[in-house]
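Listed here are the chains, written in short residue letters.
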Amino acid sequence: MENQEIQLSVSEFIDLSNQVLDGAFPNVVLTGEVSSFKINQGKFVFFDLKDDESTVPCFMMLFSLRHPIEDGMTVAIHAKPKLTKWGKFSLTVQRVRPVGEGSIKKSYEILKSKLTKEGLFATEKKRQLPEMPKNIGVISSVQAAGYADFIKIIGDRWGGMLVDVAQVRVQGDVASEQIIGAINHFNQQSVLPEIIVIIRGGGSADDLSVFNDERLTRAVASSRIPILTGIGHETDLSLVDMAADVAASTPSNAAEIIVPDKNDTIDKVADRMRYIVHKTLGSVDGILAETKNCLDKAVDDLTARYDEYVSQLGLIEGKLEAYNPSSILERGYVILRGDQKVGEQIGLETAKNYIKAEVLHVKSK
Amino acid sequence: MLNQNNNSETINDKMIRLNSLVSWFESDDFTVEKAIEKYRQAEALAKDIERELNEFKNEVKVLKQNFAD
């Protein structure tokens, strides 16, 4: 049995070899340095992956290349080994991502420059977020601390909202596709959420590298629904942050941006009510003051007219007094009644007495 | 319970209505005679807004869809 010969055609040998390779390496991840990177016909990518001792040729389709790579970068690849029909061995790469701070930074800068030139991050493309959204789409991992913070804070700040949560991975190789799927899901609803919030707590550059994925960045930039990101990071903004309409510094900050604080709103309402009361009382005071002024003026007018009447009355009384017979008698005059003929009886009236007298003598003046 | 009451008026709508009432107090239409009626409207609205803000909770729904590749 051991020495049994296997008779195969060349093609059969290659097929069998590939079956063996598939069985032996169903899902292999290799990390190494890129060299001899090139793109053929605008769609085929070739490069070698090497370490200090060995090199393996790699092939992939350009559309699968989510992060720019170039010679000298350290990358991790998901690949399947394959023997081609020409007898060449290579790795067919499904996914590749930069590894290590230097490579991640370099890839980030290359893609940032490319997407900036395309206008993906242009300020004029940014949309205003709705002020008090009723329907929010959240994309996050519900296990993430950042998610819990976000949900708690929006609950503390505002109520009455419908929050649909698309549960996705927020790091690792599948994360970008899941987040793109969630963005597409929300954009295809018959009733669109008013805003999409992408939430992820802090992490290392490797953890957050998903947010520098080219397809994800493009998906964010082309979303019909405004997107707010709340991705924890302390250094550079991710490309997804730059493509979003608004980028919060943390999940908690995103919650503060998305809804007002109800206590502030309650204070505003109280301020408005205070203003109304102040304005109304002020107007009533004004009317009272005006009324008092009118009354004071009326009293002044009446007083002046009264004084004038009193003065006029005094004059009249003076005149009347002057014509009063008693006053004349008081001045020493006498009223004489009867015929002024000699021998006749006459009556005399002084201020104090009535006198009867007889006329003794009459002489004309 | 969403950001609405039975009349489908949101808190935002109510705030707009309250601001409109406040504007009346600032306008030339203001009269003391009508102010009491307007004040009562504003007071009822303010109480309603505060009640809703304190009572309404968010409805968080985790979607069952699988967003994997």
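Provided above is the structure to which this section pertains.
Computed from a prediction, not measured in an experiment: that's the story for all the values here.

(A) Structural context of the sheet that holds strand β7 (residues 162-167) of chain A. Read across the open sheet, the six strands follow the order β10(A)-β9(A)-β8(A)-β6(A)-β7(A)-β1(B); overall the sheet is parallel. With partners counted over all chains shown, the strands left at the sheet margins are β10 (246-248) of chain A together with β1 (59-62) of chain B, one partner each. The mean inter-strand angle of the sheet, taken between neighbouring strand axes irrespective of direction, is 20°. Both strand β6 (residues 135-140) of chain A and strand β8 (residues 195-200) of chain A contribute to a ladder of four bridges, which runs parallel. If you follow Val138(A) over to β8(A), its bridge partner there is Val197(A). Contacting β6, β7, β8 and β9 (227-231) of chain A, helix α4 (residues 175-187) of chain A crosses the sheet at an angle of about 165° to β6(A).

(B) Structural view of the interface of chain A and chain B. Listed by partner, the interface residues are 39 residues for chain A and 36 residues for chain B. A combined buried area of about 3,400 Å² lies between chain A and chain B, and 68% of that area is made up of carbon and sulfur atoms. Looking only at chain A, the three residues that lose the most surface to chain B are Gly160(A), Arg272(A) and Ile276(A), adding up to 16% of its buried area. Across the contact surface, chain A and chain B share one salt bridge. Across the salt bridge formed by Asp164(A) and Lys61(B), the nearest N and O atoms sit 3.9 Å from each other. Between the two partners, chain A and chain B, sit 13 residue pairs in polar contact (both at pLDDT 80 or more). Breaking the side of chain A that touches chain B down by element, the ones donating at least two residues are α3 (145-157), β7, α4 and α8 (262-323) of chain A. Counting residues per element, the side of chain A that touches chain B draws most heavily on α8(A), at 14 residues. Considered class by class, the residues forming the side of chain A that touches chain B number 23 nonpolar, 10 polar and six charged. As paired strands, β7(A) and β1(B) are joined by four bridges and run parallel to one another. Paired with Leu162(A) across the strands is Glu59(B), a residue of β1(B).

(C) Focus on unusual backbone geometry. Residue and element names in this part refer to chain A. Positive phi outside glycine occurs at Ser36, with the angle close to 55°. Within the secondary structure, Ser36 is located in strand β1 (residues 28-40). Backbone geometry at Gln41 places phi at a positive 55°, although glycine is not the residue there. Structurally, the position occupied by Gln41 is in the loop between β1 and β2 (44-50).

(D) Fine view of the sheet that holds strand β11 (residues 335-337) of chain A. Residue and element names in this part refer to chain A. Taken in spatial order, the three strands line up as β11-β12-β13 in an open sheet, and their pairing is antiparallel. Only two strands of the sheet have a single neighbouring strand rather than two, namely β11 and β13 (354-358). The mean inter-strand angle of the sheet, taken between neighbouring strand axes irrespective of direction, is 25°. Relative to strand β12 (residues 345-349), β11 runs antiparallel, the two being bridged by three bridges. In the strand pairing of β12, Arg337 is matched with Gly347.

(E) Representation of helix α5 (residues 214-221) of chain A in the model. Residues and elements named next belong to chain A. Most of α5 sits inside the fold, with six of its eight residues counted as buried. Looking at α5, one finds that the buried residues are Glu214, Leu216, Thr217, Ala219, Val220 and Ala221. On the buried face of α5, the contacting elements are α2 (101-118), α4, β8, β9 and α6 (239-243). Between a side-chain oxygen at the N-terminus of α5 and the backbone nitrogen of Arg215 the separation is 2.9 Å; the capping residue is Asp213.

(F) Region of interest: the pattern of salt bridges. Within this structure, the stated rule accounts for 20 salt bridges over all chains. When the shortest N-O distance is used, the salt bridge between Asp156(A) and Lys152(A) registers 2.7 Å. Taken together, the positions of Asp156(A) and Lys152(A), both in helix α3 and four residues apart, correspond to about one turn of that helix. What makes Asp156(A) partly exposed here is its relative accessible area of 41%. A relative accessible area of 53% places Lys152(A) in the exposed class. Residues Glu349(A) and Arg337(A) are paired through a salt bridge, measuring 2.7 Å at the closest nitrogen-oxygen approach. Pair noted here: Glu349(A) is in strand β12 and Arg337(A) is in strand β11, with a separation of 12 residues, a long-range link. Taking relative accessible area as the criterion, Arg337(A) reaches 43% and is therefore assigned partly exposed. Here the residues in one salt-bridge network are Lys14(B), Asp48(B), Arg51(B), Glu52(B) and Glu55(B), joined through shared partners.

About the criteria used
- Residues numbered from 1 in each chain as written.
- Chains lettered and ligands numbered in written order.
- Predicted model: local features only at pLDDT ≥ 70, side-chain atom pairs only at ≥ 80, totals over all residues.
- Heavy atoms only, no water.
- Pairing = 2+ DSSP bridges.
- Helix = DSSP H or I, 4+ residues; strand = E, 2+ residues; numbered from the N terminus.
- Axes fitted to C-alpha atoms, helices over the stretch in contact; angles between N-to-C directions.
- Contact = heavy atoms within 4.5 Å.
- Buried area = accessible area lost by both parts, 1.4 Å probe.
- Salt bridge = Lys/Arg side-chain N within 4 Å of Asp/Glu carboxyl O.
- Polar contact = N/O pair within 3.5 Å; in protein donor to acceptor, adjacent residues only side chain to side chain.
- Nonpolar A, V, L, I, M, F, W, Y, C, P; charged D, E, K, R; others polar.
- Buried < 20%, exposed > 50% of the residue type's maximum accessible area, 1.4 Å probe, protein only.

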